[in-house]
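Here is what each chain is made of, one letter per residue.
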Amino acid sequence: MIVAGCDVGSLTSKAVVWRDGSIVGQAVTKSRAKPWESAEAVMQTALAAAGLGMGDVEYCVGTGYGREKIPFVQEAVSEIACHGRGARWLVPSVRTVIDIGGQDCKAMRLDNGGNVEKFVANDKCASGTGRFLEVMAKVLGVELAALGELSVRARHPVTLANACTVWAQADVIKYLSDGVPVEDIAAGINNAMAARMATLVNHIGVEPDICMTGGVAKNSGVLSSIEKLLAVRLKRIRRADPQIVGAIGAALIAAERAGAGRS
Amino acid sequence: MIVAGCDVGSLTAKAVIMQDGTIIGTGVTRSGAVAEQSANAAMAQALTQAGLALSAIEYCVGTGYGRKKIAFGDAVESEIACHAKGAVWQAPAVRMLVDIGGQDAKAIKFDSNGNVLRYSYNDKCASGTGRFLEVIADALEIDVEALGPLSRQSTEHLTLSNQCVVFAETEILSLVSEGKEVADIVKALHYAVARRAAAMARSLGVEGEVAMTGGVALNAGMFDALGAALGTVLTRVPHPQLNGALGAALFAVDAVGAGAPGAASAART
């Protein structure tokens, strides 16, 4: 049985091809202006990796920001449900999931059965979302993916006075012009990001185990900073790329729907 | 009696010189990195206009973000108190003001003597401040001063769905690529800024005559948008941008009237 999950986000699109309980193909691509084009491109890449064609997929679930506009899916499911599902499969003991998207930030609490019990999201303000890091990396002149490693080497992390992306950007420019090492600024950026996320997570209350999903989960600086702020250790997702957790959840739901709910 | 008020804001520094209840000199300069120099420049402008030397100023009150850095100041007063005092002097019937500054916004309610009753303040979020206008003007490659006149040429009503400056910038750039008219986009921008500032004002309860002050009030499009967002006709004051400095000068009048020592002015002469 071959099924698939496709997660079309604001910044990146993710696809997972699933065969008999395991991932046989996966892809992450930059989202295009039109969600259906993003979905088509990412799914073709994942299928190619699996050596399969669209005709082989029995059931496909779409999720993410652009989920209603994916032509080839049988069903569209909310990101919350998919992320909860995917995180649960990767880390069975998980009760709190923090998902950072390109333009939003979500935290959800799962009950014993893996159902979403409580949920909080911010998609109104860029602070605490992937966009914050993207803007800051651009100002620093470094790759988004480099922020994590850079911050690990910081000796005296700076403090950003304000959570607002616009004001923080001005702070970063000032630190740069004062000749502050880029590592120290990167650490300040990651700390500010984590602080904003922690505020959101505290709204629903932290219950261990906790894990983080989305591309930002690959930033070790943000991870260790949020661990300090919440005074808990985060479970690392090691069995898969944290960025494809939503697509994995979608594939799991697809497998269930197709009548082979093995996990 | 000649006194002065100096308001050093994040974006501009303002100075007002008063003689016997009349404004005789004003200055507005762009704030530089050093607050002290910004204050000096604004005051020099006001002194030139009044045809006076600094030694002629009996007493000077400083206010604003850089108020503690004013070399020639005799005392400092909070911006909130100065704005309330300035607004009542400019328009006696006004009981509330919304001040949109370069990096903050405030709403203040006060009594007929300009005593502050309640206020709310935002410097945490760039939305609803002058910075929102600057960021978007930059992205559209037009001067901030051109926004007001441009918005008045608008023919189609657009609404921005994002309130965050960062998200709104992306939204605006996609409106441009969709071929929307810049005038319509700028009007929508004014309404978005006004929406955020008005929400803050409404938290105090909008009552009586409301004035708009701050440099942003010079933008006619913003003035209209804020009135619409508050559902009221705003009162026009003669010197919206100088309101804080004017209030500071009025505090200087009070101080001299109460016999405050003119030690600083003695030191200057």
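Residues numbered from 1 in each chain as written. Chains lettered and ligands numbered in written order. Predicted model: local features only at pLDDT ≥ 70, side-chain atom pairs only at ≥ 80, totals over all residues. Heavy atoms only, no water.

Draft legend 1. Focus on the sheet that holds strand S10 (residues 234-235) of chain A. All names here are of chain A. Across the sheet, which stays open at both edges, the five strands sit in the order S8-S7-S6-S9-S10 with mixed pairing between neighbours. Since the sheet does not close on itself, it has two edges, and those belong to strand S8 (116-122) and S10, each with one partner. Of the pairings in the sheet, the one linking strand S7 (residues 105-110) to S8 comprises six bridges and is antiparallel in character. Bridge pairing in S8 links Arg109 to Lys118. (Pairing = 2+ DSSP bridges. Helix = DSSP H or I, 4+ residues; strand = E, 2+ residues; numbered from the N terminus.)

Draft legend 2. Representation of the packing of helix H2 (residues 79-90) of chain A against helix H8 (residues 245-257) of chain A. All names here are of chain A. Their axes nearest at 7 Å, the elements H2 and H8 cross at an angle of 90°. Between H2 and H8, the angle falls in the class roughly perpendicular. Contacts between H2 and H8 involve Cys82, His83, Arg85, Gly86, Ala87, Trp89 and Leu90 from the first element and Val245, Gly246, Ile248, Gly249, Ala250, Leu252, Ile253 and Glu256 from the second. Residues of the contact of H2 with H8, tallied by class, amount to nine nonpolar, four polar and two charged. (Axes fitted to C-alpha atoms, helices over the stretch in contact; angles between N-to-C directions. Parallel < 35°, antiparallel > 145°, perpendicular 65-115°, else oblique. Contact = heavy atoms within 4.5 Å. Nonpolar A, V, L, I, M, F, W, Y, C, P; charged D, E, K, R; others polar.)

Draft legend 3. Fine view of the sheet that holds strand S4 (residues 59-63) of chain B. Residue and element names in this part refer to chain B. One open sheet holds the five strands; their spatial order is S3-S2-S1-S4-S5, and the pairing between them is mixed. The strands lining the two open edges of the sheet, one partner per strand, are strand S3 (22-30) and strand S5 (75-76). Of the strands in this sheet, strand S1 (2-8), strand S2 (12-19), S3 and S4 touch helix H8 (residues 243-257), which is tilted by about 140° from S1.

Draft legend 4. Quick look at the layout of surface pockets. Considered as a void within the structure, the second largest pocket measures approximately 180 Å³ in volume. Taken together, 18 residues make up the lining of the second largest pocket; nearest its centre are Cys125 and Cys164 of chain A together with Cys125, Ala126 and Cys164 of chain B. Elements with a contribution of two residues or more to the lining of the second largest pocket: helix H5 (165-177) of chain A together with helix H5 (165-177) of chain B. In the lining of the second largest pocket, the residues fall into 10 nonpolar, four polar and four charged. (1 Å grid on protein atoms, 1.4 Å probe; cavity = no way out; pocket = protein on both sides within 12 Å on 5 of 7 lines; lining within 4 Å. Points joined across faces, edges and corners; volume = space filled by probe spheres on them.)

Draft legend 5. Just the domain arrangement of chain B, in detail. Residues and elements named next belong to chain B. Under the domain assignment, chain B is made up of domain 1 (1-79 + 242-269) and domain 2 (92-236). Look at where the C-alpha atoms of domain 1 and domain 2 centre, and you get two points 28 Å apart. Facing five residues of domain 1, the contacting portion of domain 2 comprises seven residues. At the boundary of domain 1 with domain 2, total buried surface from both sides reaches about 480 Å², with 51% on carbon and sulfur atoms. Between the two partners, domain 1 and domain 2, sit two salt bridges. A salt bridge links Lys106 to Glu79, with the shortest nitrogen-to-oxygen separation between them at 3.2 Å. Applying the counting criterion to the domain 1 and domain 2 interface returns one residue pair in polar contact (both at pLDDT 80 or more). Considered class by class, the residues forming the side of domain 1 that touches domain 2 number one nonpolar, two polar and two charged. (Domains from an automatic or database assignment. Buried area = accessible area lost by both parts, 1.4 Å probe. Salt bridge = Lys/Arg side-chain N within 4 Å of Asp/Glu carboxyl O. Polar contact = N/O pair within 3.5 Å; in protein donor to acceptor, adjacent residues only side chain to side chain.)

Draft legend 6. View of H8 of chain B. Residue and element names in this part refer to chain B. In a regular helix each residue adds 1.5 Å, so 15 residues correspond to 21 Å; H8 covers 21 Å between its end C-alpha atoms and thus fits that length. When you tally the buried positions in H8, you get 12 out of 15 residues, the bulk of the element. If you check which residues of H8 are buried, you get Asn243, Gly244, Ala245, Leu246, Gly247, Ala248, Ala249, Leu250, Phe251, Ala252, Ala255 and Val256. Phi for Gly259, located one or two positions after H8, is positive at around 80°. (Expected span 1.5 Å × (residues − 1). Buried < 20%, exposed > 50% of the residue type's maximum accessible area, 1.4 Å probe, protein only.)

Draft legend 7. Seen up close, the pairing of S1 of chain B. Residue and element names in this part refer to chain B. Taken across its seven residues, S1 has seven buried, putting it largely inside the fold. By the alternation rule, side chains of S1 split into Ile2, Ala4, Cys6 and Val8 and Val3, Gly5 and Asp7, which are all buried. Relative to S2, S1 is paired through seven bridges, and the arrangement is antiparallel. Pairing of Val3 across the sheet is with Met18, part of S2. Taking the residues that link successive antiparallel strands as the turn, the S1-S2 hairpin has three residues. In terms of strand pairing, S1 meets S4 through five bridges, oriented parallel. In the sheet register, Ala4 faces S4, and the bridge partner there is Cys60.

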